[in-house]
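Here are the chains, one letter per residue:
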Amino acid sequence: FFGTSAFVFSGTLTSTRHSMSVVGALLLSLITACGGGTVRDFLITPKRQAFWVTDVNYFRCCLATSLATLFWYPKLAKRLKIKDSHWPFCLADAIGFGAFPVI
C-alpha cells in the first residue's frame, strides 16, 4: 500500500491546488492511485474484476491517506514554509513510480 499511498498523496495535492471539495479530492485521489492498476487488470484479463473491487483495503487506504493529507498537509506546509506544492507532488510521484516495480 506504500505506492498507493504515494499516488493518493499526489492526487490529493492536485485536488487542493484546484480548490476541489473533499469528495472531489477523494475521487481524484482514488482515480490517481488505482487507475493504472485497473487498466492493467483489464488489459491482462478482461473478464476479471479490478483489484480494488475485490480488496476493499485499497479503498480504505485511499480514504485514510487522502483525509490525512487534506488535514495535515496545510499545517505542515505552513510550518515548513512550503509555498508551492510542486516539489512534494513530484516527490510523491517519484516514490509511487519507484515503489510499484520494487514491491
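Residues numbered from 1 in each chain as written. Predicted model: local features only at pLDDT ≥ 70, side-chain atom pairs only at ≥ 80, totals over all residues. Heavy atoms only, no water.

## Examining the overall build of the protein chain
Scanning the protein chain from terminus to terminus reveals five helices and zero strands. Secondary structure of the protein chain in N-to-C order comes out as α-α-α-α-α. Against the compact-globule benchmark of 13 Å for 103 residues, the protein chain has a radius of gyration of 14 Å, which places it among compact chains. Referenced to the eigenvectors of the C-alpha coordinate spread, the extents of the protein chain come out at roughly 50 × 30 × 20 Å. Taking all 103 residues of the protein chain together, 33% fall into the buried category. Sequence separation of 24 or more characterises 66% of the internal contacts of the protein chain that already satisfy a separation of 6 or more. Only carbon and sulfur atoms are counted for the fraction: they give 70% of the accessible area of the protein chain, which is about 6,900 Å². Looking at charge distribution, the protein chain has the averaged site of its 10 positive side-chain charges lying 10 Å from that of its 4 negative ones. (Helix = DSSP H or I, 4+ residues; strand = E, 2+ residues; numbered from the N terminus. Rg over C-alpha atoms; globule rule 2.2 N^0.38 Å. Buried < 20%, exposed > 50% of the residue type's maximum accessible area, 1.4 Å probe, protein only. Contact = heavy atoms within 4.5 Å. Areas by Shrake-Rupley, 256 points an atom, 1.4 Å probe, with all protein chains shown as cover. Lys, Arg positive; Asp, Glu negative; His and termini not counted. Charge placed at Lys NZ, Arg CZ, Asp CG, Glu CD.)

## Observations regarding the nonpolar core
Core analysis: the largest hydrophobic core is formed by seven residues, namely Phe 7, Val 8, Leu 30, Ala 33, Cys 34, Phe 51 and Cys 62. Elements that contribute at least two residues to this core include exactly α1 (2-17) and α2 (22-44). Ranked by residue count, the leading element in this core is α2, at three residues. Discounting residues that sit within four places of it in the chain, Cys 62 has contacts with Thr 4, Val 8, Leu 30, Ala 33 and Cys 34. (Core = buried A, V, L, I, M, F, W, Y, C linked by side-chain atoms within 4.5 Å.)

## Quick word on the side chain of Ser 15
With respect to the helices and strands, the residue Ser 15 is situated in helix α1. A polar contact of 2.7 Å, which involves the side chain of Ser 15, links it to the backbone oxygen of Thr 12. Setting aside residues up to four positions removed in sequence, Ser 15 forms contacts with Met 20, Ala 25 and Leu 28. (Polar contact = N/O pair within 3.5 Å; in protein donor to acceptor, adjacent residues only side chain to side chain.)

## So, the confidence of the model for the protein chain
Per-chain confidence: the protein chain averages 81 in pLDDT, with 96% of residues scoring 70 or above. Across the protein chain, helix α4 (residues 57-79) holds the top mean pLDDT of 86, while helix α5 (residues 86-102) sits lowest at 74. (pLDDT = per-residue confidence, 0-100.)

## A closer look at unusual backbone geometry
For residues besides glycine, phi is generally negative; the peptide bonds are generally trans as well. Non-glycine residue Ser 19 carries a positive phi angle of around 55°. Examined against the element boundaries, Ser 19 turns out to sit in the loop between α1 and α2. According to the relative accessible area criterion, Ser 19 is exposed, its value standing at 67%.

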